[in-house]
Amino acid sequence: MEDFSLTRRNLLKGAGAFVALSALGGLPDIVSAGPRMVRFPEKTDMILLTNRPPQLETPLPFFKEMITPNEAVFVRWHISQLPTAVNLATWRIKVSGNVENELSLSMDDLKKFEKVGYTAVLQCSGNGRSFAEPRVLGGQWGNGAMANVTWAGARLKDILNKAGIKAGSVDISFNGLDKPPLPTVPDFVKSLAVDKAMEDDIIVAYEMNGKELPMLNGFPARLVVPGWYGTYWVKCLSDITVLAAPFDGFWVKSAYRVPDTDCGCIEPGTAPKKTVPVTRMNTRTLIVNPMDGTTLKAKADAEIMGLAFSSNHSIVDVIVSVDGGTTWKKARLGKDMGRYSWIQFFFPWKPEKPGRYTIMAKATNSVGESQPFDATWNPPGYYWNKVEKTVVTVK
Amino acid sequence: MKRLFIIIIAICVAAGFAFAQEKQLTVPVVKIELTAGPGQEQTSTLCNICHSADYITMQPKSSKATWAGSVTKMRKVFGAPISDAEAETITNYLSANYGNGK
């Protein structure tokens, strides 16, 4: 990653955490210094949101890359007792519950299943939460809680078939090696309905971009549920439990829920009548170049570049506006790496006159799903996907 | 002698293999200072049982009701061992130092 020049402004846009600091009045020293960057094990310099449990955000320049390098993939843990060591000689995934045969799978066992893979976006449900208005509590992510990674591993379906799901099974729960700090804190366990879990593309991944997973991203294996938000992608997977009754754990029943409306959103500042679990990712774009607040030269060739993705459907169209949404033109799409991957878009631009320009990009997927022009809102700050505006000055 | 040498090599290879089988993680501790003020010490001590102080400092400036709701969630949902009196101290501290004046 040679191109790693981080301007303060770009970092500020990326680090939503620091938007809050502007409210302090004046510019305290910490803002002048930019967001706090940290280097955690197996990771590059990342934007620190929180230390324990760790939440690290990817700096925006990495999104110029089609594939996010492992060391730059964002980090998000829920409960503070992370595994301090994993030994493959003893680590196992236990498959139990309502099954014909309980399994205890070592890494070697996992690798005996057919190896499958694809490129898929991993994105936190709360990516972009810091832009919510009114502001909401939670991890104050900018745009850096997403990554495009080539995953490989064993099909969950193959593992479940080997165990043999008994008739009457409803949900399957997934637990990892992380543990709560107090017995009263609910362990981080997620679940999928049996039908969902048996889909072909859900894998237990032991490779990220052809390498083993960093510990902070879930070594030795994590669940990958392509098209769905990262909350289901349980890290350091240790237990798969087939259940004959609906799963009622806290992290499904009470957390990671959105209003039960088409957009998962409600009138800003109000409370939802009914909620449903977070599931599919919506359609979104990010303009990566030029970055917000930068200055370009008049009559010089510039290229607007960004990325777009949409759950489990390919992006078929990205339109770009350089006049704040008055006129739109199609952008050129880059290499198609499959429906779960993001795609890059490119739009050549030569601003003729000096002034301030508002660049916008809007993506549409193969089934017609697109992005709203106005921000949507929900109390937990999930599903941010409004058409972004990047403002640049031309001199 | 040659045989011993081979055995030693074999042991080293096995040890190396075992080492590669294990991966460790030590998350660095980042020092985060909460703003000085009445209740800072209790807030720091009690909240730190489960999470670092940046879970406070990264949040948007919030109303007293929002902070009170957050403290209640930590107690009722996550079972944080915080008494009524301590909850009041923490809420007042958060509202005074990380509040929006409402």
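Per-chain numbering applies: the sequence of each chain, read as written, is numbered from 1 onward. Written order determines the labels here, with chains lettered from A and ligands numbered from 1. Where local features are concerned, this predicted model is filtered to residues with pLDDT of at least 70; where side-chain atom pairs are given and counted, the filter is 80 or more; whole-chain, interface and lining totals use all residues. The basis for every side-chain value is the complete set of heavy atoms in the structure, and neither hydrogens nor water enter the calculation.

**Q** Would you mind going over the overall build of chain B with me for this structure?
**A** What counts as a helix is a DSSP run of H or I of at least four residues, what counts as a strand is a run of E of at least two, and both are numbered from the N terminus. Scanning chain B for helices and strands turns up five helices and one strand. If you list the helices and strands of chain B from N to C, you get α-β-α-α-α-α. The rule is simple: take the accessible area with a 1.4 Å probe, protein chains only, and divide by the maximum for that residue type; under 20% is buried, over 50% is exposed, in between is partly exposed. By residue count, 36% of the 102 residues in chain B fall in the buried class. By definition in these notes, contact holds between two residues if any of their heavy atoms fall within 4.5 Å. Long-range pairs, those at least 24 residues apart, make up 65% of the contacts in chain B between residues at least 6 apart in sequence. When the accessible surface of chain B is summed, it comes to about 6,200 Å², and 64% of that surface belongs to carbon and sulfur atoms. The protein chains shown are the only cover counted for residues, whose accessible areas, like all others here, come from Shrake-Rupley with a 1.4 Å probe.

**Q** When you look at the confidence of the model for chain A in this model, what are you seeing that I'm missing?
**A** Detailed reading of the predicted coordinates is not advisable wherever pLDDT falls low. With 92% of its residues at a pLDDT of 70 or more, chain A shows a mean pLDDT of 93. pLDDT expresses, on a scale from 0 to 100, how confident the predictor is about each individual residue. When the criterion is pLDDT under 50, residues 1–32 of chain A qualifies, and its contacts beyond four places in sequence or with other chains add up to 63 contacts.

**Q** Got a minute to help me understand the environment of A:Lys179 in this structure?
**A** Residue and element names in this part refer to chain A. Structurally, Lys179 is set in the loop between β10 (171–176) and β11 (189–193). The class for Lys179 is partly exposed, based on a relative accessible area of 40%. With 100 residues separating them in the primary sequence, Lys179 and Ile79 have C-alpha atoms 6.4 Å apart.

**Q** Please clarify how the packing of aromatic side chains should be interpreted in this entry.
**A** In summary, the pairing rule links any two rings of Phe, Tyr or Trp, Trp by its six-membered ring, whose centres are within 6.5 Å, and it sorts them by plane angle into stacked for under 30 degrees, edge-to-face for over 60 and tilted for everything else. Per the counting criterion, the structure on display carries 16 aromatic pairs over all chains. The interplanar angle of 80° and the centroid separation of 5.9 Å between the aromatic rings of A:Phe74 and A:Trp141 together place this pair among those described as edge-to-face. Remark: A:Trp141 occurs in the loop between β8 (115–123) and β9 (146–155) and A:Phe74 occurs in the loop between β3 (55–57) and β4 (75–76); sequence separation between them is 67 residues. Owing to a relative accessible area of 6%, A:Phe74 belongs among the buried residues under this scheme. Aromatic side chains A:Phe250 and B:Phe78 sit 5.5 Å apart centroid to centroid with 70° between the ring planes, which places their arrangement in the edge-to-face category. With one member in each of two chains, A:Phe250 in helix α6 (residues 250–253) and B:Phe78 in the loop between α4 (64–76) and α5 (84–98) form a pair that bridges those chains. With respect to class, A:Phe250 is no different from B:Phe78; both count as buried. Pairwise contacts between aromatic rings join A:Phe188, A:Phe250, A:Trp251 and B:Phe78 into one cluster.

**Q** Could you clarify how one ought to interpret the sheet that holds strand β22 (residues 332–333) of chain A in this entry?
**A** Backbone hydrogen bonds are what pair the strands of a sheet, in a parallel or an antiparallel way. All names here are of chain A. With antiparallel pairing, the four strands of this open sheet are ordered in space as β17-β19-β23-β22. Where the open sheet ends on each side, the last strands, each with one partner, are β17 (283–289) and β22. We treat two strands as partners when DSSP finds at least two bridges between them. Here β17 runs beside strand β19 (residues 302–310); their pairing, made up of six bridges, is antiparallel. Residue pairing across strands places Ile287 opposite Gly306, the latter belonging to β19.

**Q** Help me understand α4(B) in this model?
**A** Residues and elements named next belong to chain B. Working rule for helices: expected span equals 1.5 Å times residues minus one. Taking 1.5 Å as the rise per residue, α4 with 13 residues should run 18 Å; its terminal C-alpha atoms sit 18 Å apart, in good agreement. All of the buried residues in α4 are Trp67, Ser70, Val71 and Arg75. Taken end-on, α4 shows its buried residues confined to a sector of 135°, consistent with a single buried face. Away from its buried face, by an angle of more than 90 degrees, α4 presents the exposed residues Ala65 and Lys76. Where α4 is buried, its residues touch α3 (54–57) and α5. It is the directions from the helix axis to the C-beta atoms whose arc is reported.

**Q** How do you make sense of the sheet that holds strand β1 (residues 37–39) of chain A when you look at a structure like this?
**A** Residue and element names in this part refer to chain A. The strand order β1-β2-β3-β4 describes an open sheet built from four strands, whose pairing is antiparallel. Looking at which strands have only one partner, the edges of the open sheet turn out to be β1 and β4. As judged from the three bridges shared by strand β2 (residues 45–50) and β3, these two strands associate in the antiparallel manner. Its bridge partner lying in β3, Ile47 is registered against Glu57.

**Q** Help me out: how do you make sense of the nonpolar core in this one?
**A** Definition used in this section: a nonpolar core is a set of buried Ala, Val, Leu, Ile, Met, Phe, Trp, Tyr and Cys residues joined via side-chain atoms within 4.5 Å. Membership of the largest hydrophobic core comes to 70 residues, with the highest contact counts inside it found for A:Leu110 and A:Trp151. Sort the elements by how many residues they give to this core and strand β12 (residues 203–208) of chain A lands first, with five residues. Leave out the neighbours within four places in its chain, and A:Leu110 touches A:Trp91, A:Ile93, A:Leu105, A:Ala154, A:Ile159, A:Val204, A:Tyr206 and A:Ala221. In terms of nonpolar packing, the next biggest core, distinct from the first, is built from 29 residues, A:Phe63, A:Leu286, A:Val288 and B:Phe78 among them.

**Q** Explanation requested: the pattern of salt bridges in the structure shown.
**A** If charged atoms from side chains of opposite charge come close, those side chains can pair. All names here are of chain A. Whenever Lys or Arg places a side-chain nitrogen within 4 Å of a carboxyl oxygen from Asp or Glu, that contact is recorded as a salt bridge. Considering all chains together, one arrives at 16 salt bridges over all chains under this definition. Of the charged contacts in the structure, one is a salt bridge between Glu199 and Lys196, with a shortest N-O distance of 3.0 Å. Looking at Glu199, the relative accessible area reads 38%, which means it is partly exposed. Close ionic contact of Glu352 with Lys299 constitutes a salt bridge, the shortest N to O distance being 3.4 Å.

**Q** Looking at this model, I keep getting lost on the interface of chain A and chain B. Mind explaining?
**A** Accessible area lost upon the coming together of the parts serves often as the stated size of an interface. Taken together, the 47 residues of chain A in the interface contact 31 residues of chain B. Accessible surface is computed with a 1.4 Å probe, and the buried area is the amount of it that two parts give up when combined, taken over both parts together. Interface area for chain A against chain B, summed over the two sides, is near 3,100 Å², with a carbon-plus-sulfur share of 62%. Applying the counting criterion to the chain A and chain B interface returns two salt bridges. A salt bridge links A:Glu42 to B:Lys23; the shortest N-O distance between them is 2.7 Å.

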